[in-house]
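Listed below are the residues making up each chain.
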Amino acid sequence: MALIEIKNLSISLKTPNGLVPICKNLDFSVNEGEIVGLIGTSGAGKTLICKAIAGIHSRDLEISFDRYRFDNIDITGKDLPQRRKFLSERVAIMLQNGTRSLDPLMTIREQMTENLPNSARPRKLWKRFFWKKREIDILLHKVGFKDTKAILNAYPGELSDVQCQKVNIAMALGRKPRLLIADDPVSTMTALSQLQILRLIDSLNQNNHVSVIYVSNDLGQIARLMDRINMIYYGEIVEQGPTEQILKNPHHPFTKIMLDAIPDMGAGSRRKSFFKAPGGDHPDFQHPPVGCPLGSRCPCADRECNIKPPQTRVKNGFYCCHFPLNT
Ligand code: SF4
């Protein structure tokens, strides 16, 4: 069953010269208990899509959609403050920089105490004494902290990025969200720290049945974590499907480019070999290209690509390309 379902999401940036469209008529859904990936190069609009979903976008963006259902509740007609309030009770967010997601002027203890909702309070009266203190200790132990006292007394600036992300996950656990939006939370970490955080997100999903939207530009790093992948290019989903299908049988040339860019760390790989990256530049949102947005960077492009490709449905997904691969 779908936890969130958005139809025709459009995002435009307000500029002195008028509205600049970033994302047009995007349909997006996440099922209950599912981990969905939003994968694309930097500047493709992934973060803006997440902010629009969570209702935390800035005032210089204009957001519209035809339908928005969350947990079977239609919130299409709610205005932004109402939608924000509704979603803040159900959605947790992890940003790229763990330290910046926390208030630098408050200790971790103060922030975690403030973050715990009163609805989590025990029913029995005798259990209510110091329940927040006990609950915070349990949450920090769950994410792997042993010396919780030192963490609780620290300010975010005194902790490493990994520790801050672990605190963010503990806070998310405390609020018991239905959906976690993880916006590339491990991009600046070492491989070992990345593994720790990804495992915690996975266990949050498995044990607490939290659905996850995971944003990344590194398909190789997180592919095993995801149930379904949305490939984003120029503010559009160019291919969508189950992870296995996308990895083994990609149809869109952009997906193939992203898969080829995964570094080969196997025993047979050459030392100091070149890193494969998509050639050319990402098109400018202010000057949209004619036809398929991948056009100038696509190895399969031909004359027909001057017309925008329609969405072609395949089993459990779709792609947008005139000359699909592996069909
Ligand atoms: S429509 Fe053409 S340019 Fe676009 S991805 Fe397909 S082959 Fe490449």
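A.B. asks: Would you mind going over the environment of N8 in detail, with residue names and values included?
C.D. replies: Structurally, N8 is set in strand β1 (residues 2-15). The exposure class assigned to N8 is partly exposed, which follows from the 14 C-beta atoms found within 10 Å. For the pair N8 and Y68, spaced 60 residues apart in the sequence, the C-alpha separation amounts to 9.3 Å. Apart from residues lying up to four places away in sequence, N8 is in contact with N25, D27, F65 and D66.

A.B. asks: Explain the pairing of strand β10 (residues 228-233) to me, and be specific about the residues and the numbers.
C.D. replies: A large share of β10 lies buried, amounting to five of its six residues. With four bridges connecting them, strand β3 (residues 35-39) and β10 associate as parallel partners. Following the sheet pairing, I39 is matched in β10 by M231. With antiparallel pairing between neighbouring strands as the criterion, β10 and strand β11 (residues 236-242) make up a hairpin whose turn holds two residues, including Y234 at a positive phi of roughly 55 degrees.

A.B. asks: I'd love a proper account of the packing of helix α6 (residues 161-175) against helix α7 (residues 191-208), names of residues and values included.
C.D. replies: Direction vectors running N to C along α6 and α7 enclose 5 degrees, while the axes themselves pass 10 Å from each other. Comparing their axes, α7 and α6 come out roughly parallel. Across the interface between the two elements, V162, Q165, K166, I169, A172 and L173 of α6 pack against S193, Q196, I197, L200, L204 and N208 of α7. For the contact of α6 with α7, a count of residues per class yields seven nonpolar, four polar and one charged.

Basis of the calculations
Residues numbered from 1 in each chain as written. Predicted model: local features only at pLDDT ≥ 70, side-chain atom pairs only at ≥ 80, totals over all residues. Helix = DSSP H or I, 4+ residues; strand = E, 2+ residues; numbered from the N terminus. Buried ≥ 20, exposed ≤ 12 C-beta atoms within 10 Å, placed from the backbone. Contact = placed C-beta atoms within 7 Å. Pairing = 2+ DSSP bridges. Axes fitted to C-alpha atoms, helices over the stretch in contact; angles between N-to-C directions. Parallel < 35°, antiparallel > 145°, perpendicular 65-115°, else oblique. Nonpolar A, V, L, I, M, F, W, Y, C, P; charged D, E, K, R; others polar.

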